[in-house]
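Here is what each chain is made of, one letter per residue.
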Amino acid sequence: MSQPLRLAVLISGNGSNLQSIIDAIESGRLNAEIKAVISNNRKAHGLLRATRHGLHTWVLDHREYQDRDHFDKLLQHYLEAIDPDFIVLAGFMRILGPGIVDAFENRILNIHPSLLPAYKGLNTHQRALDNGEQKHGVSIHLVTAKLDDGPVILQASYPIEAGDSAEDLQQKGHRLEHQMYPQVLRWLSDRNLVIEGGKLFYEQALLEEPIQFNA
Ligand code: GRF
(Lines give C-alpha, C1' and ligand atoms only; values in the text may rest on other atoms or scores of the structure.)
Protein backbone atom coordinates (compact mmCIF):
# COMPACT_ATOMS: atom_id res chain seq x y z
CA MET A 1 0.00 0.00 0.00
CA SER A 2 1.19 3.55 -0.69
CA GLN A 3 2.15 5.99 2.04
CA PRO A 4 -0.83 7.31 4.03
CA LEU A 5 -2.05 10.72 2.95
CA ARG A 6 -0.85 13.26 5.53
CA LEU A 7 -3.64 15.60 6.59
CA ALA A 8 -4.04 18.70 8.71
CA VAL A 9 -7.70 19.25 9.57
CA LEU A 10 -8.84 22.76 10.49
CA ILE A 11 -12.03 23.19 12.49
CA SER A 12 -13.93 25.79 14.48
CA GLY A 13 -16.86 23.90 15.94
CA ASN A 14 -18.60 20.57 16.22
CA GLY A 15 -16.18 18.62 14.06
CA SER A 16 -18.62 16.04 12.69
CA ASN A 17 -16.78 16.08 9.37
CA LEU A 18 -13.52 15.56 11.22
CA GLN A 19 -15.18 12.58 12.92
CA SER A 20 -16.21 11.10 9.59
CA ILE A 21 -12.59 11.29 8.41
CA ILE A 22 -11.30 9.76 11.66
CA ASP A 23 -13.85 6.94 11.35
CA ALA A 24 -12.90 6.27 7.73
CA ILE A 25 -9.22 6.03 8.71
CA GLU A 26 -9.81 3.86 11.77
CA SER A 27 -12.04 1.45 9.87
CA GLY A 28 -9.44 1.07 7.11
CA ARG A 29 -11.59 2.76 4.44
CA LEU A 30 -9.12 5.61 4.04
CA ASN A 31 -5.35 5.36 3.90
CA ALA A 32 -4.52 8.62 5.65
CA GLU A 33 -3.03 10.02 8.81
CA ILE A 34 -4.24 13.15 10.58
CA LYS A 35 -1.03 14.91 11.60
CA ALA A 36 -2.84 17.69 13.46
CA VAL A 37 -6.26 19.10 14.20
CA ILE A 38 -6.10 22.87 14.39
CA SER A 39 -8.86 25.08 15.78
CA ASN A 40 -9.22 28.83 16.07
CA ASN A 41 -11.74 28.21 18.85
CA ARG A 42 -10.57 26.54 22.04
CA LYS A 43 -14.15 25.48 22.86
CA ALA A 44 -14.63 23.61 19.60
CA HIS A 45 -16.18 20.22 20.32
CA GLY A 46 -14.07 18.81 17.49
CA LEU A 47 -10.99 19.22 19.72
CA LEU A 48 -12.49 16.71 22.16
CA ARG A 49 -13.19 14.32 19.33
CA ALA A 50 -9.56 14.65 18.23
CA THR A 51 -8.06 14.06 21.66
CA ARG A 52 -10.36 11.09 22.22
CA HIS A 53 -8.73 9.52 19.19
CA GLY A 54 -5.22 10.42 20.31
CA LEU A 55 -4.70 13.10 17.69
CA HIS A 56 -2.42 16.05 18.10
CA THR A 57 -4.37 19.29 18.52
CA TRP A 58 -3.40 22.92 18.38
CA VAL A 59 -5.47 26.01 19.20
CA LEU A 60 -4.71 29.29 17.57
CA ASP A 61 -7.31 31.73 18.84
CA HIS A 62 -7.60 34.60 16.37
CA ARG A 63 -8.94 36.89 19.12
CA GLU A 64 -5.55 36.81 20.82
CA TYR A 65 -3.85 38.47 17.85
CA GLN A 66 -4.22 42.14 17.08
CA ASP A 67 -4.04 41.67 13.38
CA ARG A 68 -4.98 39.08 10.83
CA ASP A 69 -1.50 39.03 9.39
CA HIS A 70 0.10 37.83 12.62
CA PHE A 71 -2.48 35.05 13.01
CA ASP A 72 -2.00 33.96 9.39
CA LYS A 73 1.81 33.92 9.69
CA LEU A 74 1.73 31.72 12.79
CA LEU A 75 -0.75 29.36 11.20
CA GLN A 76 1.37 29.20 8.06
CA HIS A 77 4.55 28.42 10.04
CA TYR A 78 2.78 25.69 11.91
CA LEU A 79 1.34 24.17 8.75
CA GLU A 80 4.73 24.35 7.04
CA ALA A 81 6.27 22.47 9.95
CA ILE A 82 3.67 19.70 9.59
CA ASP A 83 3.90 19.82 5.80
CA PRO A 84 0.66 17.93 5.15
CA ASP A 85 -0.22 16.59 1.73
CA PHE A 86 -3.59 18.28 2.19
CA ILE A 87 -5.12 20.88 4.45
CA VAL A 88 -8.72 19.90 5.05
CA LEU A 89 -11.01 22.75 6.04
CA ALA A 90 -13.89 21.16 7.93
CA GLY A 91 -16.06 23.93 9.29
CA PHE A 92 -13.13 26.32 9.77
CA MET A 93 -14.74 29.73 10.13
CA ARG A 94 -11.75 31.89 9.17
CA ILE A 95 -10.64 32.91 5.73
CA LEU A 96 -7.10 31.68 5.12
CA GLY A 97 -4.63 34.46 4.33
CA PRO A 98 -3.10 34.72 0.85
CA GLY A 99 0.30 33.53 2.17
CA ILE A 100 -1.15 30.18 3.21
CA VAL A 101 -3.20 29.78 0.06
CA ASP A 102 -0.05 30.46 -2.02
CA ALA A 103 2.22 28.22 0.05
CA PHE A 104 -0.22 25.31 -0.17
CA GLU A 105 -1.52 25.85 -3.67
CA ASN A 106 -3.46 22.80 -4.94
CA ARG A 107 -3.39 21.30 -1.45
CA ILE A 108 -6.28 22.95 0.41
CA LEU A 109 -9.81 21.54 0.36
CA ASN A 110 -13.01 22.98 1.76
CA ILE A 111 -16.52 21.67 2.26
CA HIS A 112 -19.27 24.19 1.72
CA PRO A 113 -23.00 23.73 2.39
CA SER A 114 -24.39 24.79 -0.99
CA LEU A 115 -24.34 23.90 -4.65
CA LEU A 116 -21.48 26.21 -5.56
CA PRO A 117 -21.25 28.65 -7.25
CA ALA A 118 -24.66 29.33 -5.70
CA TYR A 119 -24.75 30.60 -2.12
CA LYS A 120 -21.15 31.38 -1.30
CA GLY A 121 -20.58 32.67 2.23
CA LEU A 122 -22.63 32.14 5.37
CA ASN A 123 -26.22 31.11 6.25
CA THR A 124 -26.67 29.22 3.01
CA HIS A 125 -29.59 27.10 4.26
CA GLN A 126 -31.74 30.04 5.34
CA ARG A 127 -30.90 31.98 2.19
CA ALA A 128 -31.94 29.03 0.02
CA LEU A 129 -35.23 28.75 1.95
CA ASP A 130 -35.86 32.49 1.69
CA ASN A 131 -35.40 32.28 -2.07
CA GLY A 132 -37.88 29.41 -2.41
CA GLU A 133 -35.28 27.02 -3.85
CA GLN A 134 -36.38 23.44 -4.61
CA LYS A 135 -33.01 21.94 -3.85
CA HIS A 136 -29.82 22.66 -1.95
CA GLY A 137 -26.60 20.76 -1.50
CA VAL A 138 -22.98 20.38 -0.56
CA SER A 139 -19.76 21.03 -2.46
CA ILE A 140 -16.16 20.02 -1.83
CA HIS A 141 -13.81 22.32 -3.65
CA LEU A 142 -10.21 23.33 -4.00
CA VAL A 143 -9.42 26.51 -2.08
CA THR A 144 -8.11 29.47 -4.05
CA ALA A 145 -7.61 33.11 -3.08
CA LYS A 146 -11.31 33.98 -3.60
CA LEU A 147 -13.86 32.86 -1.01
CA ASP A 148 -15.71 29.61 -1.86
CA ASP A 149 -14.56 29.98 -5.43
CA GLY A 150 -12.07 27.23 -6.38
CA PRO A 151 -12.95 24.38 -8.74
CA VAL A 152 -15.57 22.03 -7.34
CA ILE A 153 -14.56 18.38 -7.04
CA LEU A 154 -17.65 16.69 -5.68
CA GLN A 155 -21.19 17.91 -5.30
CA ALA A 156 -24.36 16.41 -3.82
CA SER A 157 -27.85 17.80 -3.86
CA TYR A 158 -30.96 17.08 -1.86
CA PRO A 159 -34.56 18.25 -2.21
CA ILE A 160 -36.02 21.03 -0.11
CA GLU A 161 -39.38 19.80 1.09
CA ALA A 162 -42.38 21.77 2.32
CA GLY A 163 -41.93 22.70 5.95
CA ASP A 164 -38.16 22.17 6.00
CA SER A 165 -36.33 24.51 8.38
CA ALA A 166 -32.72 25.66 8.03
CA GLU A 167 -31.80 23.01 10.65
CA ASP A 168 -33.52 20.30 8.58
CA LEU A 169 -31.47 21.29 5.55
CA GLN A 170 -28.30 21.34 7.62
CA GLN A 171 -29.01 17.79 8.78
CA LYS A 172 -29.68 16.57 5.27
CA GLY A 173 -26.43 18.18 4.17
CA HIS A 174 -24.44 16.71 7.04
CA ARG A 175 -25.55 13.19 6.21
CA LEU A 176 -24.06 13.67 2.75
CA GLU A 177 -20.98 15.56 3.94
CA HIS A 178 -19.96 12.69 6.17
CA GLN A 179 -19.70 10.40 3.19
CA MET A 180 -18.27 12.97 0.80
CA TYR A 181 -15.06 14.09 2.54
CA PRO A 182 -13.83 10.52 3.09
CA GLN A 183 -14.67 9.78 -0.56
CA VAL A 184 -12.64 12.71 -1.94
CA LEU A 185 -9.72 11.94 0.36
CA ARG A 186 -9.80 8.29 -0.72
CA TRP A 187 -9.61 9.36 -4.37
CA LEU A 188 -6.62 11.56 -3.53
CA SER A 189 -4.92 8.84 -1.57
CA ASP A 190 -5.48 6.33 -4.39
CA ARG A 191 -4.37 8.94 -6.95
CA ASN A 192 -7.69 8.57 -8.80
CA LEU A 193 -7.92 12.29 -8.27
CA VAL A 194 -4.92 14.48 -8.96
CA ILE A 195 -4.77 18.25 -8.54
CA GLU A 196 -2.22 20.15 -10.59
CA GLY A 197 -1.96 23.79 -11.57
CA GLY A 198 -5.40 24.54 -10.15
CA LYS A 199 -6.93 21.84 -12.34
CA LEU A 200 -8.57 18.60 -11.32
CA PHE A 201 -7.90 15.31 -13.04
CA TYR A 202 -10.12 12.34 -12.30
CA GLU A 203 -8.85 9.01 -13.62
CA GLN A 204 -6.40 10.99 -15.74
CA ALA A 205 -9.05 13.08 -17.51
CA LEU A 206 -9.50 16.78 -16.90
CA LEU A 207 -12.53 17.26 -14.69
CA GLU A 208 -14.57 20.01 -16.28
CA GLU A 209 -17.71 19.58 -14.20
CA PRO A 210 -18.02 18.56 -10.54
CA ILE A 211 -18.50 14.84 -9.92
CA GLN A 212 -22.06 14.21 -8.71
CA PHE A 213 -22.20 12.26 -5.49
CA ASN A 214 -24.71 9.45 -5.29
CA ALA A 215 -25.39 8.45 -1.71
C1 GRF B 1 -20.45 21.90 7.65
O2 GRF B 1 -21.82 22.03 7.40
C3 GRF B 1 -19.66 22.42 6.47
O4 GRF B 1 -20.36 22.35 5.25
C5 GRF B 1 -19.41 23.86 6.81
O6 GRF B 1 -19.29 23.86 8.22
C7 GRF B 1 -20.00 22.79 8.78
C8 GRF B 1 -19.07 22.07 9.72
O9 GRF B 1 -19.73 21.07 10.46
N10 GRF B 1 -18.25 24.36 6.13
P11 GRF B 1 -18.88 20.14 11.45
O12 GRF B 1 -18.11 21.05 12.39
O13 GRF B 1 -17.97 19.29 10.62
O14 GRF B 1 -19.91 19.34 12.18
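These notes cover the structure that comes with them. (Residues numbered from 1 in each chain as written. Predicted model: local features only at pLDDT ≥ 70, side-chain atom pairs only at ≥ 80, totals over all residues. Heavy atoms only, no water.)

**A few points about the nonpolar core**
The biggest cluster of nonpolar side chains holds 45 residues, and the ones touching the most others in it are Leu7, Ile34, Leu109, Val184, Leu185 and Leu188. The element contributing the most residues to this core is helix α6 (residues 166-189), with eight residues. The residues contacting Ile34, other than those within four sequence positions of it, are Leu7, Val9, Leu18, Ile21, Ile22, Ile25 and Leu55. (Core = buried A, V, L, I, M, F, W, Y, C linked by side-chain atoms within 4.5 Å. Buried < 20%, exposed > 50% of the residue type's maximum accessible area, 1.4 Å probe, protein only. Helix = DSSP H or I, 4+ residues; strand = E, 2+ residues; numbered from the N terminus. Contact = heavy atoms within 4.5 Å.)

**Some remarks on the site of the ligand**
Within the structure, the ligand sits among Asn14, Gly15, Ser16, Asn17, Gly91, Ile111, His112, Pro113, His174 and Glu177. The side chain of Ser16 places a nitrogen or oxygen atom 2.5 Å from an oxygen atom of the ligand. Interatomic distance of 2.8 Å between a backbone N/O atom of Asn17 and an oxygen atom of the ligand. For the shell around the ligand, the residue count by class is two nonpolar, seven polar and one charged. (Near = heavy atom within 4 Å. Polar contact = N/O pair within 3.5 Å; in protein donor to acceptor, adjacent residues only side chain to side chain. Nonpolar A, V, L, I, M, F, W, Y, C, P; charged D, E, K, R; others polar.)

**Topic: the side chain of Asn17**
Note on placement: Asn17 falls in helix α1 (residues 16-26). Classification of Asn17 by relative accessible area gives buried; the value is 6%. There is a polar contact of 2.8 Å between the side chain of Asn17 and the side chain of Glu177. In this structure, Asn17 is in contact with Ala90, Ile111, His174, Glu177, His178 and Tyr181, ignoring residues within four places of it in sequence.

**Points about the packing of aromatic side chains**
In total, this model carries three aromatic pairs according to the counting rule given. With a centroid separation of 3.9 Å and an interplanar angle of 15 degrees, the aromatic rings of Trp58 and Tyr78 are classed as stacked. Of the two residues, Trp58 is situated in strand β3 (residues 57-59) and Tyr78 in helix α3 (residues 68-82); the sequence distance between them amounts to 20 residues. In this structure Trp58 comes out as partly exposed when scored by relative accessible area, which is 23%. For the pair Trp187 and Tyr202, a centre-to-centre distance of 5.0 Å together with 70 degrees between the ring planes defines the contact as edge-to-face. One end of the pair, Trp187, is in helix α6; the other, Tyr202, is in strand β9 (residues 199-202), with 15 residues separating them in the sequence. (Phe/Tyr/Trp six-rings, centres within 6.5 Å; stacked < 30°, edge-to-face > 60°.)

**Concerning the environment of Leu206**
Along the chain, Leu206 falls in strand β10 (residues 205-206). Taking C-alpha positions, Leu206 is 9.9 Å from Leu193, a pair spaced 13 residues apart along the chain. Those residues in contact with Leu206 that lie beyond four places of it in its chain are Lys199, Leu200 and Phe201.

**Thoughts on the sheet that holds β10**
Across the sheet, which stays open at both edges, the three strands sit in the order β8-β9-β10 with antiparallel pairing between neighbours. Taken across any chain shown, the strands that pair with only one partner, and hence form the sheet edges, are β8 (193-196) and β10. Of the pairings in the sheet, the one linking β8 to β9 comprises four bridges and is antiparallel in character. The residue of β9 that forms the bridge with Ile195 is Leu200. (Pairing = 2+ DSSP bridges.)

**Concerning the pairing of strand β7 (residues 152-159)**
Along β7, six of the eight residues are buried, which leaves the element largely enclosed by surrounding structure. The pairing of strand β6 (residues 135-142) with β7 spans seven bridges and is classified as antiparallel. Its bridge partner lying in β7, Ile140 is registered against Leu154. Alignment of β7 against strand β11 (residues 211-212), held across two bridges, turns out to be parallel. Across the sheet, the residue bridging to Leu154 is Ile211, located in β11.

**What to know about the sheet that holds strand β4 (residues 86-89)**
If you trace the eight strands from one edge of the open sheet to the other, you get β3-β2-β1-β4-β5-β6-β7-β11, paired in mixed fashion. The open sheet has two edge strands, β3 and β11, and neither has a second partner. Note that strand β1 (residues 5-11) and β4 share four bridges and pair parallel. Within the sheet, the bridge partner assigned to Val9 lies in β4 and is Val88.

So far we have only geometry, and geometry alone does not tell us how the molecule works.
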